[in-house]
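# Fold and contact review
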Amino acid sequence: PYEEIHGSEVLKIWEKYWKYVPLLGTQLFSSLLIDRFTQVVNYLPIIAFVMDRKLKSIFLRVFKPEHIAAVFRQEGGTPTRSGIDILQHYRLNHRKYRLAGPFSLQGSDWLEMREKVEQDFNDIASRFFGKVDAICDDLITRIYKIRNRQNEVLPASFHEDMIRWAMECFCNLTFNKHLGFLESPGYNSTSEPSRIISSLMTAHKYMSRCETGFQVWRFFLTPFARKLFEACDVLDG
């Protein structure tokens, strides 16, 4: 029985709170937040975090590899994945789209879409090897340009360069289009590549903040949600 699965007293308090104010969403960011509060390291092999019994919202946290393997076997071929609530809210309520997008699909719908995308990608993947190789050369050129006398790059600025490299690869593979994220004009703050990178980094920052902790944005537009939506509008535009 779930009642006999061990866990910290703090989790039991959260369980009682959850029954009345379920604001922490479906993402496992909430579990990371709880870990930060509890600072508990040595759990028994299985612990339970009961959100809402009526809605069957129960988290089981397992730590042994054999238990993890058993969970995967029991979930079968169409497991239910936790969604990103704020992005679903953005697309359905802010943008008024009919569907929330592929990231919200579950079960057989997700597998069907994945199989279609994988098949198309496998058919054309070999055509892009040369393009991706050229993009990697652009990144190497960028590293040579920004490294210091100790032959190092600054982590803060290089993080953006890695995002630019990833986005250039993504756009080439997905849209068959070269946008110049790693080219000198692309680093101009008013250029389209820079606007995309800035919006992407902003969206990532505020999506994490909206998904972590209390989801007050479900009731009204919070400053974090507004900044996220503004960044997503640029990416969606």
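Reading the values: rules and limits
- All chains use their own residue numbering, which begins from 1 and follows the written sequence.
- Given that this is a predicted model, residues contribute local features only at a pLDDT of at least 70 and side-chain atom pairs are listed and counted only at 80 or more, while totals for whole chains, interfaces and linings are drawn from all residues.
- With hydrogens and water excluded, all non-hydrogen atoms of the structure serve as input to the side-chain values.
- UniProt positions are given in the numbering used here, feature names are shortened, and annotations may be inferred rather than shown by experiment.
- Between 30 and 60 degrees the pair is tilted, below 30 it is stacked and above 60 it is edge-to-face, where a pair is any two Phe, Tyr or Trp rings, Trp via its six-membered ring, whose centres lie within 6.5 Å.
- Where helices and strands are cited, they refer to DSSP runs of H or I of at least four residues and of E of at least two residues respectively, numbered from the N terminus.
- To sort residues, take the accessible area from a 1.4 Å probe on protein chains only and compare it with the maximum for the residue type: under 20% means buried, over 50% means exposed, and anything in between is partly exposed.
- Only when the NZ of Lys or the CZ of Arg is both within 6 Å of the ring centre and within 35 degrees of the ring normal is a charge said to sit over the ring.
- The span you would expect from a helix comes to 1.5 Å times its residue count less one.
- What the arc measures is the spread of directions leading from the helix axis to the C-beta atoms.
- Contact definition: two residues touch when any of their heavy atoms are within 4.5 Å.

As recorded in an unreviewed UniProt entry, the protein goes by the name Putative cytochrome P450 301a1, mitochondrial, listed as coming from Habropoda laboriosa. If you open the UniProt record of the protein and go to Cofactor (unreviewed entry), you find "heme".

### Comments concerning the packing of aromatic side chains
Summed over all chains, the structure comprises 3 aromatic pairs. Arranged with centres 5.3 Å apart and planes meeting at 45°, the rings of tyrosine 90 and phenylalanine 229 form a pair that is tilted. Taken together, the residues tyrosine 90 in helix α4 (residues 85-94) and phenylalanine 229 in helix α9 (residues 223-236) connect sequence positions 139 residues apart. Note on tyrosine 90: relative accessible area 3%, which makes it buried. Judged by centre distance (5.9 Å) and plane angle (85°), the ring pair of phenylalanine 170 and phenylalanine 175 falls under edge-to-face. In this structure phenylalanine 170 comes out as partly exposed when scored by relative accessible area, which is 43%. Take phenylalanine 175: its relative accessible area is 56%, and that puts it in the exposed class. Of note, arginine 142 hangs over the ring of tyrosine 187, and the distance from its end group to the ring centre comes to 3.9 Å.

### Let's talk about α9
For α9, which comprises 14 residues, the first-to-last C-alpha distance of 20 Å matches the rise-based estimate of 20 Å (1.5 Å per residue) to within 8%. Among the residues making up α9, those that are buried are Ala225, Leu228, Phe229, Ala231 and Cys232. Burial along α9 is one-sided: seen end-on, the buried residues are contained in an arc of 165°. Those residues of α9 that are buried lie in contact with α4 and α8 (192-211).

### Things to note about the environment of glycine 83
Within the secondary structure, glycine 83 is located in the loop between α3 (65-75) and α4. Looking at glycine 83, the relative accessible area reads 8%, which means it is buried. Measuring from C-alpha to C-alpha, the distance between glycine 83 and serine 104 comes to 5.8 Å, with 21 residues separating the pair along the chain.

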